[in-house]
Amino acid sequence: MITLRNIQKIYNKGKPNAFEALHDVSLTIGDGELVSIVGTSGAGKSTLLHILACIDSYEGGAYQMDETLVKNLSEKKLAYLRNQKIGMVMQDHALVEDLTALQNVMLPLDFSSRKIRDKRSLALQTLSKVGMQDYAQKPVNKLSGGQKQRIAIARAIVNAPSMILADEPTGALDSKTSAEIMQLFHALHEAGNTVIIVTHDPNIAAQCERVIRIEDGNIVK
Ligand SMILES: Nc1ncnc2c1ncn2[C@@H]1O[C@H](COP(=O)(O)OP(=O)(O)OP(=O)(O)O)[C@@H](O)[C@H]1O
Ligand SMILES: [Mg+2]
């Protein structure tokens, strides 16, 4: 379970360009929930997701993940949490464009604290979960947007995290491809994972068990 209590996020704190992107955000998400986060551009959705993913810090409040208080943790401990518990699909998918699909999916395994005997076959197995086994040797810059999104999902789940966070995973896709990508998230949810999806698409939000709406750095619903 994750709990945010009165989270405040200030970019560039103490500088003239300081900006409070989250004001007082409190929320609880239980294990195995399928949740969407919606809101207008600039509302703070990515900011919130980055805090949940432990890739960004916060200035006020408390973020608790299971028994761990995610605050002032060492980089080592944070890396451990990210690697063990969290799979993140970034807004721009952040793949390494000139590496192959397989190499991209293998990347997180190099940082894994688990002992993995055969990284290559685990990555291939994960590629087949997202229907991309035939593209393993293709450089990512030769793939379509939907294919890249599948690779980004494979990379996020290769370490078997319990929580998968996705930032606008269907934002740039046509409705058919978008529905196919959503099927992957439904499958992850059905397998018992917590899935949190930032989206602008009301159709995607409607497929989630719960919708969290955020406006100007506040949760409004
Ligand atoms: N690194 C940063 N430094 C300063 N301000 C930032 C930074 N990142 C985001 N912001 C600001 O914080 C606010 C929230 O940004 P965020 O990226 O969370 O919005 P969003 O809801 O994800 O928007 P979008 O739907 O366009 O992706 C915006 O006003 C943005 O300009
Ligand atoms: Mg965003």
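Describing the sheet that holds strand β6 (residues 86–89)
Strand pairing within a sheet occurs via backbone hydrogen bonds; the two strands may be parallel or antiparallel. Strand order in this open sheet of 6 strands is β6-β7-β8-β3-β9-β10, and the pairing throughout is mixed. Each edge of the open sheet carries a strand with a single partner, namely β6 and β10 (218–219). Pairing geometry for strand β9 (residues 210–215) and β10, over 2 bridges, is antiparallel. Within β10, the position partnered with Glu215 by the bridge is Asn218. Docked against the sheet, helix α1 (residues 45–52) engages β3 (34–38), β6, β7 (163–167), β8 (194–198) and β9, running at close to 155° with respect to β7. Sheet strands in contact with helix α2 (residues 75–85) are β6 and β7, and its direction is about 80° off that of β6.

Structural notes on the coordination of the magnesium ion (ligand 2)
Only Ser46 (OG) and Gln91 (OE1) from the protein reach the magnesium ion (ligand 2) as donors, at distances of 2.0 to 2.5 Å. You can see Ser46 sitting in helix α1 and its partner Gln91 sitting in the loop between β6 and α3 (101–106), a full 45 residues away along the chain. Looking at Gln91, the relative accessible area reads 46%, which means it is partly exposed.

Considerations on unusual backbone geometry
One non-glycine residue, His93, adopts positive backbone phi at about 55°. Note that His93 resides in the loop between β6 and α3. Since its relative accessible area comes to 15%, His93 is described here as buried. Positive phi, normally seen in glycine, also occurs at Asp216, with a value near 45°. One can find Asp216 in the loop between β9 and β10. Take Asp216: its relative accessible area is 60%, and that puts it in the exposed class.

Calculation notes
- Residues numbered from 1 in each chain as written.
- Chains lettered and ligands numbered in written order.
- Predicted model: local features only at pLDDT ≥ 70, side-chain atom pairs only at ≥ 80, totals over all residues.
- Heavy atoms only, no water.
- Pairing = 2+ DSSP bridges.
- Helix = DSSP H or I, 4+ residues; strand = E, 2+ residues; numbered from the N terminus.
- Contact = heavy atoms within 4.5 Å.
- Axes fitted to C-alpha atoms, helices over the stretch in contact; angles between N-to-C directions.
- Donors = N, O, S within 2.8 Å, 3.2 Å for Na, K, Ca; no water.
- Buried < 20%, exposed > 50% of the residue type's maximum accessible area, 1.4 Å probe, protein only.

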